[in-house]
Amino acid sequence: MRKTRSHRTMTTATLTGRRWLNPAYMYLAPSLLIIAVFIAEPILRSGWMSLHDWTVGEETHEWVGLGNYLELFADERFRNALTVTGVYTLVTVAGQVVAGLALAMWLRRTTWLSSLLRSAFFFPTVASFAVVGVVWKFLLDPQVGLVNAWLEKAGTTGPGWLTDTGLALVTVMGVGIWKGVGFSMIVLLAALQGVPDQLIEAAKLDGAGRWHQFRAVILPELRPALLFTTVIATVTSLQLFDLVYVMTGGGPLFHTESIVAYLYQRGFVEFRLGYASAIAWVLFVLILIVSMIQLRIARSHDGG
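The text that follows walks through the structure, step by step, so that each part is easy to find. (Residues numbered from 1 in each chain as written. Predicted model: local features only at pLDDT ≥ 70, side-chain atom pairs only at ≥ 80, totals over all residues. Heavy atoms only, no water.)

**Focus: the pattern of salt bridges**
Pairs can form between side chains of opposite charge whenever their charged atoms are close.
Then, in step 1: Here the structure, examined in full by the defined rule, presents 5 salt bridges.
Then, in step 2: Here R266 and D75 are joined by a salt bridge, their closest N and O atoms 3.4 Å apart. In this pair, R266 sits in helix 13 (residues 259-269) while D75 sits in the loop between helix 3 (67-73) and helix 4 (76-106), placing the two residues 191 residues apart along the sequence. Taken individually, R266 and D75 each receive the classification buried, so the pair is uniform in this respect.
Then, in step 3: Through salt bridges with shared partners, a single ionic network connects D75, R266 and E270. (Salt bridge = Lys/Arg side-chain N within 4 Å of Asp/Glu carboxyl O. Helix = DSSP H or I, 4+ residues; strand = E, 2+ residues; numbered from the N terminus. Buried < 20%, exposed > 50% of the residue type's maximum accessible area, 1.4 Å probe, protein only.)

What follows is the structure, given as structure tokens:
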């Protein structure tokens, strides 16, 4: 009896060892190691730091528990950054998806002109947010910018696009839509080309007009692509930093300061790393909740 149990134990251990020596695990090991060192460990460390009064230059880091989070939600500047990020996200996501869908419908036929226009609209997507911010900051400069120069030639005076408190965020949102609309266009264009022609022809035979064809036939077929573009655009917009940092620096009077820009100020200017880590975790939870809501809404429409 003892021999049988011992044999079973050795067999189980041998099988477990062989399973871990499976070539698949060996191929995955380098990637898993990189993820553990550069992603998982920093995430866990930032969570630990968010529970401390962790300031660069101090020898001791006092445990404060949820103190940073309580201070955070009482922080008026953080609430302002949350509002700015929320408004930016709502406007830019809606603008990118709607404009991308309109462009995809317009350029769905393959001609030399449509191919040229597709490339032109997609080009800003390739550039980084920092480069786009630098270019548009120069174009909108009230002294040497081309936009105000053209407006002057047209007989009007251009505003302070990035210095006016009522116009700065609108300008940044416009640049954000311009930057991301090409991505939405390409994804939706690919989905449009996958819509069966038989469905559209059947709708035409039933007497459906263009609007009814779009609403009843094309739009349902585009739902997965619309969900994908919406989620990607939302996650990107909630992490707004580069455009704000380059174009306005969060001004004027914090009217364009996003959550990540405020995190940068607290963590890398004031060196309050514990407080900045708390901001990062709040942003992470916010992105997670918004993405889950979007996926749940999509599943409810699909009847799942």
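Next comes the rest of the write-up.
**Describing helix 10 (residues 210-221)**
Then, in step 1: Taking 1.5 Å per residue as the helical rise, helix 10 with its 12 residues ought to reach 16 Å, and the 15 Å between its terminal C-alpha atoms agrees with that figure.
Then, in step 2: Buried within helix 10 are the following residues: Q213, F214, V217 and I218. Along the long axis of helix 10, the arc covered by the buried residues comes to 125°, so they all point the same way.
Then, in step 3: The inward-facing, buried residues of helix 10 contact helix 4, helix 8 (168-193) and helix 9 (197-205). (Expected span 1.5 Å × (residues − 1). Arc of directions from axis to C-beta. Contact = heavy atoms within 4.5 Å.)

**Notes on the packing of helix 8 against helix 11 (residues 223-238)**
Then, in step 1: Interaxial distance between helix 8 and helix 11 falls to 9 Å at its minimum, and their mutual angle equals 165°. Taken together, helix 8 and helix 11 sit at an angle that is classed as roughly antiparallel. The crossing of helix 8 and helix 11 is right-handed. Across from F183, S184, V187, L188 and A191 in helix 8, the residues of helix 11 making contact are A225, L226, F228, T229 and I232.
Then, in step 2: Each residue belonging to the contact of helix 8 with helix 11 can be placed in one class, and the counts come to 8 nonpolar, 2 polar and no charged. (Axes fitted to C-alpha atoms, helices over the stretch in contact; angles between N-to-C directions. Parallel < 35°, antiparallel > 145°, perpendicular 65-115°, else oblique. Left-handed = near helix turned anticlockwise from the far one by under 90°. Nonpolar A, V, L, I, M, F, W, Y, C, P; charged D, E, K, R; others polar.)

**Concerning the packing of aromatic side chains**
Then, in step 1: Enumeration over the complete set of coordinates arrives at 10 aromatic pairs.
Then, in step 2: Seen in terms of ring centroids, F73 and F78 are 6.0 Å apart; in terms of plane orientation they differ by 90°. Their pairing is edge-to-face.
Then, in step 3: Here F78 falls in the buried class, since its relative accessible area comes to 1%.
Then, in step 4: Between Y245 and Y264 the ring centres are 5.4 Å apart and the planes differ by 70°, which places this aromatic pair in the edge-to-face class. One end of the pair, Y245, is in helix 12 (residues 242-247); the other, Y264, is in helix 13, with 19 residues separating them in the sequence.
Then, in step 5: Each member of the aromatic cluster is reached from another via a ring pair, and the members are F241, Y245, Y264 and F268.
Then, in step 6: Here the guanidinium or amino end of K179 rests over the ring plane of F129, the centre of that ring lying 4.5 Å away.
Then, in step 7: The aromatic ring of Y275 is capped on one face by R272, whose charged end is 4.5 Å from the ring centroid. (Phe/Tyr/Trp six-rings, centres within 6.5 Å; stacked < 30°, edge-to-face > 60°. Lys NZ or Arg CZ within 6 Å of the ring centre and 35° of its normal.)

**Observations regarding the packing of helix 4 against helix 8**
Then, in step 1: Running from N to C, helix 4 and helix 8 point in directions that differ by 40°, and their axes come no closer than 6 Å. Considering their axes alone, helix 4 and helix 8 lie oblique with respect to each other. Considering how the two elements wind past one another, helix 4 and helix 8 form a crossing that is right-handed.
Then, in step 2: Class assignment for the residues of the contact of helix 4 with helix 8 results in 19 nonpolar, 7 polar and no charged.

**What to know about the side chain of Q294**
Then, in step 1: Position of Q294 among the secondary structure elements: in helix 14 (residues 273-302).
Then, in step 2: With a relative accessible area of 17%, Q294 lands in the buried category.
Then, in step 3: Q294 has contacts with L227, T230, V231 and T234, leaving out every residue within four places of it along the chain.

**With respect to a nonpolar patch on the surface**
Then, in step 1: Side chains of L28, L32, L33, I34, I35, V37, F38, I39 and I43 sit close together on the surface and give an oily, nonpolar patch of about 880 Å² of accessible area.
Then, in step 2: Mapped onto the elements, L28 comes out in helix 2 (residues 23-49).
Then, in step 3: Note on L28: relative accessible area 46%, which makes it partly exposed. (Patch = residues over 30% accessible without salt bridge, like charges linked within 9 Å, V, L, I, M, F, W, Y side chains within 5 Å. Areas by Shrake-Rupley, 256 points an atom, 1.4 Å probe, with all protein chains shown as cover.)

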